[in-house]
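Below are the chains, spelled out letter by letter.
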Protein chains: 2
Amino acid sequence: MPESQSTQSANRPKSRIQQKNRQIIVDAALDVFSTYGFRGTTIDQIAARAGMSKPNLIYYFASKEDLYVSVLEDTLDQWLAPLAELDPDGDPIDEIRRYITAKIAMSRARPKASRLFANEILHGAPAIGGFLQGPLKSLVDDKAAIIRRWVEGGALAPVEPAHLIFMIWAVTQHYADFDVQVRAVLAAETTEKDRHFDDAQAAILTVFLEGLRPR
Amino acid sequence: MPESQSTQSANRPKSRIQQKNRQIIVDAALDVFSTYGFRGTTIDQIAARAGMSKPNLIYYFASKEDLYVSVLEDTLDQWLAPLAELDPDGDPIDEIRRYITAKIAMSRARPKASRLFANEILHGAPAIGGFLQGPLKSLVDDKAAIIRRWVEGGALAPVEPAHLIFMIWAVTQHYADFDVQVRAVLAAETTEKDRHFDDAQAAILTVFLEGLRPR
DNA sequence: AGGAAACTTGACTAGATGGTCAAAATAAAC
DNA sequence: GTTTATTTTGACCATCTAGTCAAGTTTCCT
């Protein structure tokens, strides 16, 4: 995807210090924004976590919103990557299995990014509405067409493709977004930390792969 | 639960005006809280939507947090009702179908309540952590035991019961919580408003009921 | 009708918070 | 080593907002 080359901000040479500090700030911001939301987060909180003063943070990101958008954009590409890899020439069931597995791995590895994203959508996507209607919709349309061909070819049970994608998003991201609830309900069952991700994956694959097998 | 009898608020007879105005406020608060979150909401916003002055609102709910908790508690019981109705003596597949159908109907009818709840969990359930660990966990444990019996009796495909419940929550609530995203992706396909809820239900039932059929 | 209780609100306060600014400290360039 | 550009921050300001208060208005009860 050749974009954001000449368009706007990505033109300063970015000194070594710039590079380092911007990364530190974005990491701190993900932590805080994902926990408290945009309005619930203060610049001071982020600055404290990043180990610098508030004016210094403002020196790197002109405003709170600027920073918020940067953090979000940082995660969007990663978010789409697994779906983008859905291979029209692969075995349908295998492809779905790979996709589900990749999405669960992502929920497990980057739960904060998932929650940041979920929070943004939940509140009406004020900052990334364009992303949803543009790149996201395009990608889904594209992949839905592939799934539709699989269904029509009799390789998958008849299911509306877009809704299958929604279902997979829902069940996989649930474990990141509703982590507190999952842990509360499973309390004490968990011997080793995050063990439930494995159980979740098994349950999801059981239901989806069997439910999608052609018949 | 014998509590807060003599302590403070829950004892006034609630005049006609009290009853009416508290309801108006709670309704307005659900609107605003579900859209902007706790921190993103101002008392003035809620008061304006409720058609009264801020001090008057404070007269009915001592603080913003008070009101927030009231609104949340108002929705929690309704939230659990469908799961509570899962009948151990019914046909397993029929019972799951009924449950999924009821949850989708709820997402469609009360999307704001769903989003309020989702937002609260997403941010670590600061106000209802006790509810998750108490009533919610109890109910899930109870119903998971029923499902486990079904599985052991060979009436359902082998699946970890708690995760099956999570999966159903995830796919059904997704359509309320991520409404903006769903609409963005499906844009233009929708002839009649909310039509996609029917499609979603069909897709979910297809996958889950077939995926859960014993084999 | 008349007095008490319940309800309503304009004006206000205290604290929090996003962002500014000028001056100091550090790094880079020569 | 000196000059210049970049980075850093303490002090500050304007605005927003949760909550208060005293004074009014309406409703209820007899």
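Before going into details, it helps to say that this report is about the structure given with it. (Residues numbered from 1 in each chain as written. Chains lettered and ligands numbered in written order. Predicted model: local features only at pLDDT ≥ 70, side-chain atom pairs only at ≥ 80, totals over all residues. Heavy atoms only, no water.)

**Examining the protein's contact with DNA strand D**
Around DNA strand D there are 19 residues in total, and Ser15, Pro55, Tyr59 and Tyr60 of chain A together with Lys64 of chain B lie nearest to it. When residues of the surface near DNA strand D are traced back to their parent elements, those giving at least two are α1 (16-40) and α3 (54-60) of chain A together with α3 (54-60) of chain B. Residue composition of the surface near DNA strand D, by class: seven nonpolar, eight polar and four charged. (Near = heavy atom within 4 Å. Helix = DSSP H or I, 4+ residues; strand = E, 2+ residues; numbered from the N terminus. Nonpolar A, V, L, I, M, F, W, Y, C, P; charged D, E, K, R; others polar.)

**Quick notes on the relation of the copies chain A and chain B**
Overlaying chain A on chain B yields an RMSD of 0.1 Å, the required transformation being a rotation through 180 degrees with an accompanying axial translation of 0.0 Å. Overall, the copies show the geometry of a two-fold rotation axis. Nearest to the rotation axis, the C-alpha of Gly211 of chain A is located 1.8 Å from it, this being the minimum over chain A. Comparing interface residues between copies, 100% of those in chain A also sit at the interface in chain B, which points to an isologous, same-surface contact. (Least-squares fit on C-alpha atoms with pLDDT ≥ 70 in both. Contact = heavy atoms within 4.5 Å.)

**Considering the protein's contact with DNA strand C**
As a structural note, the neighbourhood of DNA strand C is formed by 19 residues, with Ser15, Pro55, Asn56, Tyr59 and Tyr60 of chain B the closest of them. The sugar-phosphate portion of DNA strand C accounts for 57% of its atoms within 4 Å of the protein, the bases making up the rest. Thr41 of chain A places a polar main-chain atom, nitrogen or oxygen, 3.2 Å from a phosphate oxygen of DNA strand C. Looking at the surface near DNA strand C, the elements with two or more residues in it are α3 of chain A together with α1 (16-40) and α3 of chain B. Taken together, the residues that form the surface near DNA strand C break down as seven nonpolar, eight polar and four charged. (Polar contact = N/O pair within 3.5 Å; in protein donor to acceptor, adjacent residues only side chain to side chain.)

**Looking at the environment of Arg49 of chain A**
All names here are of chain A. If you trace the backbone, Arg49 turns up in helix α2 (residues 43-50). In this structure, the C-alpha to C-alpha distance between Arg49 and Val32, residues 17 residues apart in sequence, is 8.5 Å. Setting aside anything within four residues of it in sequence, one finds Arg49 in contact with Ala28, Asp31 and Val32.

**Considerations on helix α7 (residues 129-152) of chain A**
All names here are of chain A. Taking 1.5 Å per residue, 24 residues should reach 34 Å; α7 reaches 32 Å between its end C-alpha atoms and fits that length. At Lys137, α7 shows its maximal kink, close to 40 degrees. A positive phi of about 80 degrees marks Gly154, the residue just after α7. (Expected span 1.5 Å × (residues − 1). Bend = angle between axes of the 7 residues up to and from the residue.)

**Focus: the packing of helix α8 (residues 161-177) of chain A against helix α8 (residues 161-177) of chain B**
As a packed pair, α8 of chain A and α8 of chain B sit with axes 8 Å apart at the nearest point and diverge in direction by 125 degrees. Viewed along their axes, α8 of chain A and α8 of chain B adopt a mutual orientation that is oblique. Between α8 of chain A and α8 of chain B lies a crossing of right-handed hand. Every residue of α8 of chain B that contacts α8 of chain A at His163, Phe166, Met167, Trp169, Ala170, Val171, His174 and Tyr175 of chain A is listed here: His163, Phe166, Met167, Trp169, Ala170, Val171, His174 and Tyr175 of chain B. (Axes fitted to C-alpha atoms, helices over the stretch in contact; angles between N-to-C directions. Parallel < 35°, antiparallel > 145°, perpendicular 65-115°, else oblique. Left-handed = near helix turned anticlockwise from the far one by under 90°.)

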